[in-house]
Amino acid sequence: MTVNSSTIFIATRGSALALAQSNMVLAQCREAFPKLTFELSIIKTTGDKLQSASLAQEGKTLPKGLFTKELEVALLEHKADLAVHSLKDLPTELPAGLKLGAVGKRADVRDVLIYRDGDHLTGQSVRRGFRPGLRIKDLPPNAVVATSSTRRRAQLLEHNPRLQTPDIRGNVATRLTKLAEKAELDATILALAGLTRLNFQITPEGRLEGDAVPDGLMATILDTDVMLPCVGQGAIGIEVREGDQRLATICERLNHFGTLQCVTAERAFLAAMGGGCQSPIAAYAEVSGKQLRMRVLSFAKGPVRRAESKRAVDEAVELGQGLAAELKS
């Protein structure tokens, strides 16, 4: 199937991370279809507006769909052809007429604990710092680790019940600035994939470096045994209209089969659990030979419940649904 020569518009949010991800997709499209014209269409979502307005204060929650609705409207109204999402932001139930057309190869799914370098602070500073290699369990009583994720909060408190875990809002650069400047904050947690896509680096000594990174911040990458990721973390999802063969042809070239099967299992688990972005639920699937292995956990009904299982690669939905049934039993 060939694709006609009309311009194909790729809808994206305007945040630095969204633009970085969309430019990755744009480059893939141009490389795969050099005779076609692709353009980015930047759309400000309700979630973006709320995050930059006075309403977006610590303690306020932003439902997941607020970061996707306007992009989906653009697809349905044929004002855009592809919509690029951080897959963790895309609800498991999509509007009628739309589908998840492709998933790019997954980046590192791990989270990162970010904190101030104790050696960087002056003697008069009221801010607290720590030595390189800080672990969650090493944080002192009543240390403040700010996060807007219920999943991260629940796992933080499981490893160190003495922590304080208030909400934090804003994009990556804003959160790093808050951590660097606010004495009442000791640490925060961000996704390694997002940091990497923004061209930030963690040096061998544990320093976090990059153009928008304040001086004196350190980072510890958290293994998935310590902090299990959220559904779809590290993956970029491409949403398209159903029944459009032109877009289906493009998606075939953008899709990474192994990643698609993994996130399909994770999203089936989340849907069966009845969860959304504010649910204290985590899941991580990996391809192992001809099988999918998935680990899941939930704090939805009190103490943590964990499960793990394997199924054939082409039984991703059944894997997710089966693990959800096990945790809900």
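Quick notes on the rules
- Residues numbered from 1 in each chain as written.
- Predicted model: local features only at pLDDT ≥ 70, side-chain atom pairs only at ≥ 80, totals over all residues.
- Heavy atoms only, no water.
- Helix = DSSP H or I, 4+ residues; strand = E, 2+ residues; numbered from the N terminus.
- Buried < 20%, exposed > 50% of the residue type's maximum accessible area, 1.4 Å probe, protein only.
- Contact = heavy atoms within 4.5 Å.
- Areas by Shrake-Rupley, 256 points an atom, 1.4 Å probe, with all protein chains shown as cover.
- Salt bridge = Lys/Arg side-chain N within 4 Å of Asp/Glu carboxyl O.
- Axes fitted to C-alpha atoms, helices over the stretch in contact; angles between N-to-C directions.
- Left-handed = near helix turned anticlockwise from the far one by under 90°.
- Nonpolar A, V, L, I, M, F, W, Y, C, P; charged D, E, K, R; others polar.
- Polar contact = N/O pair within 3.5 Å; in protein donor to acceptor, adjacent residues only side chain to side chain.

When its secondary structure is counted, the chain shows 9 helices and 14 strands. Classification of the 329 residues of the chain by burial places 51% in the buried group. Considering only residue pairs separated by 6 or more positions, the chain has 66% of its internal contacts joining residues 24 or more positions apart. With an accessible surface of roughly 15100 Å², the chain has 49% of that area assigned to carbon and sulfur atoms.

A full pass over the atoms with the stated rule returns 22 salt bridges. Residue glutamate 158 pairs with arginine 306 through a salt bridge whose shortest N-O separation is 3.0 Å. A residue pair is termed long-range when its members are at least 10 positions apart, and glutamate 158 in helix H4 (residues 150-159) and arginine 306 in strand S14 (residues 305-312) qualify at 148 residues. Taking the relative accessible area as the measure of exposure, arginine 306 reaches 47% and is therefore partly exposed. A single network of salt bridges, built from pairs that share partners, joins Asp225, Glu286, Arg293, Arg295 and Glu308.

Taken N-terminus to C-terminus, the directions of helix H8 (residues 257-273) and helix H9 (residues 316-328) make an angle of 35°; their axes are 7 Å apart at the nearest point. Crossing of H8 against H9: the hand is right-handed. Residues Gln261, Thr264, Ala265, Ala268, Phe269, Ala272 and Met273 of H8 form the contact with H9, whose own contacting residues are Ala316, Val317, Leu319, Gly320, Gln321, Leu323, Ala324, Leu327 and Lys328. Residue classes in the contact of H8 with H9 are distributed as 11 nonpolar, 4 polar and 1 charged.

So, on to the side chain of arginine 295. Topologically, arginine 295 is positioned in strand S13 (residues 291-298). Of note is the side chain of arginine 295, whose polar atom sits 3.0 Å from the side chain of threonine 224. Non-local contacts of arginine 295, meaning those with residues more than four positions away in its chain, are made with Thr224, Asp225, Leu228, Ala282, Ala283, Tyr284, Glu286, Ala307 and Glu308.

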